[in-house]
Amino acid sequence: MKNIALIDEPVGFDVHAVRREFPVLARMIRGVPLAYLDNGASAQRPNAVIEAVNDYERHHHANIHRGVHTLSQEATALYEAARDRVVRFINARSRHEIIFVRGTTEAINLVAQSYARPTLKAGDEILITHLEHHANIVPWQIVCEQTGATLVVAPIDSHGAVHVDEVVSLMSPRTRLLACAHVSNALGTVLPVRRLIAAAKARGIVTLVDGAQAVAHMNVDVRDLDCDFYAFSGHKMFGPTGVGVLYGREQLLERMPPWQGGGEMILSVSFTKTTYNSLPNKFEAGTPNISGGVGLGAAVDFLNGLDRESAHAHESALLEHATEALSAIPGLRIVGTAGDKASLVSFVVEDVHPHDLGTILDEDGIAIRTGHHCAMPVMEFFKLPATARASFAFYNTLEEIDRLAAGIERARKIFA
Amino acid sequence: MELNDLYRDVILDHNRRPRNFGGLEPSDASVEGFNPMCGDRLTLRLRMAGDAISDIRFEGQGCAISTASASLMTEAVKGKTREAALELFARVHQLLTEDAAPPADELGKLAALSGVREYPARVKCASLCWHTLAAALQAANSGDLPAVSTE
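Residues numbered from 1 in each chain as written. Chains lettered and ligands numbered in written order. Predicted model: local features only at pLDDT ≥ 70, side-chain atom pairs only at ≥ 80, totals over all residues.

## Let's talk about the overall build of chain A
What counts here: A run of DSSP states H or I qualifies as a helix once it reaches four residues; a run of E qualifies as a strand once it reaches two. Both are numbered from the N-terminal end. Using C-alpha atoms as the atom set, the radius of gyration is obtained and then compared with a globule rule of 2.2 Å times the number of residues to the power 0.38. Each residue is classed by its C-beta neighbour count within 10 Å, where at least 20 other C-beta atoms makes it buried, 12 or fewer makes it exposed, and intermediate counts make it partly exposed; the C-beta atoms are placed from backbone geometry.
Helix and strand content of chain A: 14 helices and 17 strands. The globule rule puts the C-alpha radius of gyration for 416 residues at 22 Å, and the 22 Å found for chain A is close to it. Across its three principal directions, the C-alpha atoms of chain A cover 75 × 55 × 35 Å. Expressed as a percentage of its 416 residues, the buried residues of chain A come to 51%.

## A few points about the sheet that holds strand 14 (residues 344–349) of chain A
All names here are of chain A. Inclusion rule: Each pair of strands is called paired provided DSSP finds at least two bridges between the two strands. Under this scheme, a helix contributes an axis fitted over its contacting stretch, all axes are lines through C-alpha atoms, and angles between N-to-C directions fall in the 0 to 180 degree range. Two residues qualify as a contact pair if the distance between their C-beta atoms, derived from the backbone, is within 7 Å.
The four strands lie next to each other as 13-14-17-16, forming an open sheet whose pairing is antiparallel. Each edge of the sheet is formed by a strand with only one pairing partner; in this case those strands are strand 13 (332–335) and strand 16 (369–371). When the angles between neighbouring strand axes are averaged without regard to direction, this sheet yields 30°. For strand 13 and strand 14, the ladder comprises four bridges, and the chain directions are antiparallel. Among the inter-strand pairings, Arg-333 is bridged to a residue of strand 14, identified as Val-348. Sheet strands touched by helix 12 (residues 354–363): strand 14, strand 16 and strand 17 (387–391). Its angle to strand 16, the strand with the most contacts, is close to 160°.

## Brief notes about the sheet that holds strand 8 (residues 206–210) of chain A
Residues and elements named next belong to chain A. Taken together, the seven strands give an open sheet; going across it, the order is 4-10-9-8-7-5-6, and neighbouring strands pair in mixed fashion. Every interior strand has two partners, whereas the edge strands, strand 4 (98–101) and strand 6 (150–154), have only one. Recorded for the sheet is a direction-independent mean angle of 20° between the axes of neighbouring strands. As paired elements, strand 8 and strand 9 (residues 229–233) share three bridges and run parallel to each other. What sits directly across from Leu-208, in strand 9, is Phe-229. Against the sheet, helix 4 (residues 104–119) makes contact with strand 4, strand 5 (125–129), strand 7 (175–181), strand 8, strand 9 and strand 10 (244–248), and its axis sits at roughly 35° relative to strand 10, the strand it touches most.

## Observations concerning the packing of helix 4 of chain A against helix 5 (residues 138–147) of chain A
Residues and elements named next belong to chain A. Defined as follows: Note on angle classes: values under 35 degrees are labelled roughly parallel, values over 145 roughly antiparallel, values of 65 to 115 roughly perpendicular, and the remainder oblique. Crossings are assigned a handedness: left-handed for a near helix turned anticlockwise from the far helix by less than a right angle, right-handed for a clockwise turn. Each residue is assigned to one class: nonpolar for Ala, Val, Leu, Ile, Met, Phe, Trp, Tyr, Cys and Pro, charged for Asp, Glu, Lys and Arg, and polar for all the others, Gly among them.
At a minimum axis distance of 9 Å, the contact between helix 4 and helix 5 shows a crossing angle of 20°. When the interaxial angle is binned, helix 4 and helix 5 end up roughly parallel. Once helix 4 is placed against helix 5, the crossing between them reads as right-handed. Counted together, Ile-108, Asn-109, Ala-112, Ala-116 and Arg-117 of helix 4 and Pro-139, Trp-140, Ile-142, Val-143, Gln-146 and Thr-147 of helix 5 form the full contact between these two elements. Tallied by class, residues from the contact of helix 4 with helix 5 come to seven nonpolar, three polar and one charged.

## Brief notes about the nonpolar core
Selection criterion: Each nonpolar core reported here comprises buried Ala, Val, Leu, Ile, Met, Phe, Trp, Tyr and Cys residues connected via C-beta atoms within 7 Å. Source of the domain bounds: an automatic or database domain assignment.
Counting residues in hydrophobic clusters, the biggest one holds 129 residues, and the most contacted among them are Val111(A), Ile126(A), Tyr230(A), Val245(A) and Leu246(A). Per element, the largest residue contribution to this core is eight residues, and it comes from helix 10 (residues 290–305) of chain A. Here this core spans two domains, since at least three of its residues come from each of domain 1 (15–33 + 307–414) and domain 2 (50–305) of chain A. Excluding residues that lie within four positions of it along the chain, Val245(A) makes contacts with Val86(A), Ile98(A), Ile99(A), Phe100(A), Val101(A), Ala107(A) and Phe232(A). Judged by nonpolar contacts, the second largest core, of 42 residues, contains Leu44(B), Ala70(B), Phe89(B) and Val92(B).

## Considering the pairing of strand 4 of chain A
Residue and element names in this part refer to chain A. Of the two faces of strand 4, the one carrying Ile-98 and Phe-100 and the one carrying Ile-99 and Val-101 are both buried. Bridging between strand 4 and strand 10 involves four bridges; their strand directions are antiparallel. Across the sheet, the residue bridging to Phe-100 is Val-245, located in strand 10.

## What about unusual backbone geometry?
Negative phi is the rule for most residues except glycine; trans is the rule for most peptide bonds. The omega torsion across Leu279(A) and Pro280(A) is 0°, close enough to zero to call that bond cis. The residue after Glu25(B), namely Pro26(B), is reached through a cis peptide bond having omega -10°. Tracing the backbone through its elements, the reader meets Pro26(B) in the loop between helix 2 (9–16) and strand 1 (29–35). Residue His373(A) is not a glycine yet carries a positive backbone phi of 60°. Within the fold, His373(A) resides in the loop between strand 16 and helix 13 (376–381). For His373(A), a count of 22 C-beta atoms within 10 Å puts it in the buried group.

So, in structure tokens, the structure goes:
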């Protein structure tokens, strides 16, 4: 028998076994198998997450931290166990440092309103980069309006890379906060966050990392990064929507006033004096997304159960194959060619608008994202109204990328 | 639903060679339409003779559906009164969104847009130019120059 040159997974990673864990990947779209290449927008859920949420809803739901009855205690235990899993997942020091929020956006807004707003004064500076998602731009613009602080934007180069020296050169005695992405959602660039954080720390600058696009692709260790805040979303790491995490260094969280008032975040309330609850509850007013938290805990278990090094190697193989296959298409230009990239390819095709491409690929069962990716300054930098973006997870296959390439060729013919 | 029902020859032709494309100086109204969802952006300029659109041109950047729709629209409304143009907008809107579409012969070439109905995410692409036209007709009336967004 002839050797087949194209193996669909590196040794040690059985992509087809992993795919069986994700029921939606077996779906047919318009009569053809789904090729889900929109993981940067939202990743799919494995059985383990679906079943954990289902089990919670069927057998354990009640409000948490309140009742003395069995269900309330079970729900509380499940929710808090999920928090403990997150503590270990990102190597936080304690459960006091893990605040459950709706997602990355809420996490960043919490820091903006509870840390930055009371701390910053007119003339202070918040430093971000040019490739941030709107969720890591607009909350700071709001704080700047509220405090008179200034937003300073570090440049990217024509590959979409961020250079440490250029960011450092913008750190001034007035810089109070550095907020940057770990991985760019629009370009895939992996930022040199460790070095950026070290440089900021040496200057007494507080740091926040938007990890929305990172947690699904790499091990994140907040103590190794040494950041003050780290934000991420459950649904981009194979968990449910509507739940996410703000990691914060305990000393900072202790000093911060509550963000929202209500139940859960108090110890005692009278009309003259309210005493706030301790961490993390101080930042968790109201009944949270309990089933979402439980599902997030299950997603952490699922990721821990994978050989993440092999999964990462598989993703790198996907990126390499996609870069090669797409580069070979005439008129196609990859946008974002930094040396260190997550498994994501943003691109434009001559004479085919990304939106039309998205519709045409959908006809072939291929799901990609098209548009500005909530990163309009990035689009402006590259002088593009929009790009098409294929973003991969470890459950994608080389064959799906070949189908993507064939679909793009088909679109080119339609518009030829 | 077939792709070639969305990307009919008329649509592809008007995307490749948009009619009435470019600037118009002087104009009685110039309005920018913007679809923040996808970045489609067009500037529509028109000149009025009394109550009728005597000339209309557009420029900008957009997908094939948005470009073709704008091109077809300029052809369809040139020479029409304000009222007739807005009446046509109502019919095109029906065509794009309702299953009980108006008879194709009343819409002429615009009927080529009927495939869009099966792609709800693309309705905004086709309707952006019409919303912009409505704003431009109002601006020509009042002398304002508003911007339009489909969001």
